[in-house]
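Per-entry structural report
Each chain, written out:
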Amino acid sequence: MDHPPVKKLSLTEAVIAHLLRDSTIPLFGLELIRRSSSGKLKLKKGTIYVTLERMEKKGLVTSERETSPPPHIKEGDFYIPRRLYTLTPRGLQALALLEEAVAQIPGFLVRS
Amino acid sequence: MGGPCTQADARTHPDFDNLDRGVLFATVGGVIFNGLEASLPGILLTITATILYGLARNRIANMDAFENMDTPPTHLRIEVQYFTLCCQWFASRQLRDGLLGDLVDPAIGGTPETARHYLRETLCLATWTRAKEKILTLLWLDRHL
């Protein structure tokens, strides 16, 4: 699919892109919410899947279904494969552009 | 000119965004003019027509996506058909899969009560977020999402 030129990321998209870039493994929605809870900007359960869907349409992330259940799932337990998300090169580029723009903001404006 | 346009392409074609935008502006205009006439039924009818259009539009866009679906086990006592229908009209396949996948977490899918509460609450929040996102996008304000 052809995507338009890389656009600026929204705040929620930036948090998701940042978490995905810092992770060595693909992450699912709930895990992204958990990992964001230690930061200043927390992801919410009502927005995470909507934002991930939008990011996938923009070509910023890709997703695939989990191939094996997590360790706490035993044989015969309920299990629906989760969708795991990975940042694409386009997503990485958008995040790098955003970080570049933020780095140009004078320090006294960024400090709270 | 591009190649032949399939039915699936047509549902996600950018021209549909222009159609949606036209409907949104017509609604805003309708609400303003009915407001000037102090016609509450006119305002309500305009808004109702737009909501019905939006729901039908989303349902049509989702038509092919809801096939080959996983279903949660019966012990969680989730009305999957009802939940799937809500997702088809108000949300998307991705949201349905995401929320049902979250039931794997013991804190969410541990008991039928927590599972149903999570699905109900999150679907409502996500539906509201999607509607807000759609309106902002149609008004070229998507950078504020």
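Owing to the predicted nature of the structure, the values given are computational and were not obtained by experimental measurement. (Residues numbered from 1 in each chain as written. Chains lettered and ligands numbered in written order. Predicted model: local features only at pLDDT ≥ 70, side-chain atom pairs only at ≥ 80, totals over all residues.)

Another point: the overall build of chain A. If you tally the helices and strands in chain A, you get 5 helices and 2 strands. In chain A, buried positions account for 29% of the 112 residues. Restricting the contact set of chain A to residue pairs at least 6 apart, pairs at least 24 apart contribute 65%. (Helix = DSSP H or I, 4+ residues; strand = E, 2+ residues; numbered from the N terminus. Buried ≥ 20, exposed ≤ 12 C-beta atoms within 10 Å, placed from the backbone. Contact = placed C-beta atoms within 7 Å.)

Here we come to the overall build of chain B. Of the regular secondary structure elements, chain B holds 7 helices and 0 strands. Traced from its N-terminal end to its C-terminal end, chain B shows the element sequence α-α-α-α-α-α-α. When the 145 residues of chain B are sorted by exposure, 18% land in the buried category.

All names here are of chain A. The geometry of helix α1 (residues 11-22) relative to helix α3 (residues 45-57) is characterised by a closest axis approach of 10 Å and an angle of 85° between their N-to-C directions. When the axis of α1 is compared with that of α3, the two are roughly perpendicular. Here α1 contributes Thr12, Glu13 and Ile16 to the contact with α3, which in turn contributes Thr47, Thr51, Leu52 and Met55. Its residues placed into classes, the contact of α1 with α3 shows 3 nonpolar, 3 polar and 1 charged. (Axes fitted to C-alpha atoms, helices over the stretch in contact; angles between N-to-C directions. Parallel < 35°, antiparallel > 145°, perpendicular 65-115°, else oblique. Nonpolar A, V, L, I, M, F, W, Y, C, P; charged D, E, K, R; others polar.)

The next thing to look at is the interface of chain A and chain B. Residue-level contacts link 22 residues of chain A with 24 residues of chain B. Elements supplying a minimum of two residues to the side of chain A that touches chain B: α2 (29-36) and α3 of chain A. For the side of chain A that touches chain B, the leading source of residues is α3 of chain A, giving 7 residues. Of the residues contributing to the side of chain A that touches chain B, the split by class is 10 nonpolar, 6 polar and 6 charged.

This part is about helix α4 (residues 89-103) of chain A. All names here are of chain A. Between its first and last C-alpha, α4 extends 21 Å over 15 residues, near the 21 Å set by a 1.5 Å rise per residue. Every buried residue of α4 is listed here: Gly91, Ala94 and Leu95. Seen end-on, α4 carries its buried residues on one side only, within an arc spanning 95°. Of the exposed residues in α4, the ones pointing more than 90 degrees away from its buried face are Pro89, Glu100 and Ala103. (Expected span 1.5 Å × (residues − 1). Arc of directions from axis to C-beta.)

A few words now on the environment of aspartate 17 of chain B. All names here are of chain B. Note that aspartate 17 resides in helix α2 (residues 14-36). Taking the C-beta count within 10 Å as the criterion, aspartate 17 has 13 such neighbours and is therefore assigned partly exposed. Spatially, the C-alpha atoms of aspartate 17 and aspartate 102 are 31 Å apart, while their sequence positions differ by 85 residues.

Once that is clear, we can look at the domain arrangement of chain B. Domain annotation for chain B reports domain 1 (7-61) and domain 2 (74-136). Spacing between the C-alpha centres of domain 1 of chain B and domain 2 of chain B amounts to 26 Å. (Domains from an automatic or database assignment.)

Residue and element names in this part refer to chain B. Note on placement: aspartate 64 falls in the loop between α3 (40-61) and α4 (80-90). Residue class for aspartate 64 comes out exposed when judged on the 11 C-beta atoms lying within 10 Å of it. With 53 residues separating them along the chain, aspartate 64 and histidine 117 place their C-alpha atoms 28 Å apart.

To continue, consider the packing of α1 of chain A against α4 of chain A. Residues and elements named next belong to chain A. The geometry of α1 relative to α4 is characterised by a closest axis approach of 10 Å and an angle of 115° between their N-to-C directions. Viewed along their axes, α1 and α4 adopt a mutual orientation that is roughly perpendicular. Two packed elements cross with a definite hand, and for α1 against α4 that hand is left-handed. Seen from α1, the contacting residues are Ala14, Ala17, His18 and Arg21; seen from α4, they are Gly91, Leu92, Ala94, Leu95 and Leu98. Here the residues of the contact of α1 with α4 sort into 6 nonpolar, 2 polar and 1 charged. (Left-handed = near helix turned anticlockwise from the far one by under 90°.)

With that out of the way, let us pick up unusual backbone geometry. All names here are of chain B. The backbone of alanine 38 shows a phi angle near 55°, a positive value even though the residue is not glycine. Tracing the backbone through its elements, the reader meets alanine 38 in the loop between α2 and α3. Its 8 C-beta neighbours within 10 Å are what place alanine 38 among the exposed residues. For tryptophan 140, which is not a glycine, the phi torsion comes out positive at approximately 60°. The exposure class of tryptophan 140 is exposed, given the 8 C-beta atoms found within 10 Å.

End to end, α2 of chain B covers 33 Å across 23 residues, agreeing with the expected 33 Å (1.5 Å per residue, within 8%). Alanine 38 of chain B lies just past α2 of chain B and shows a positive phi near 55°.

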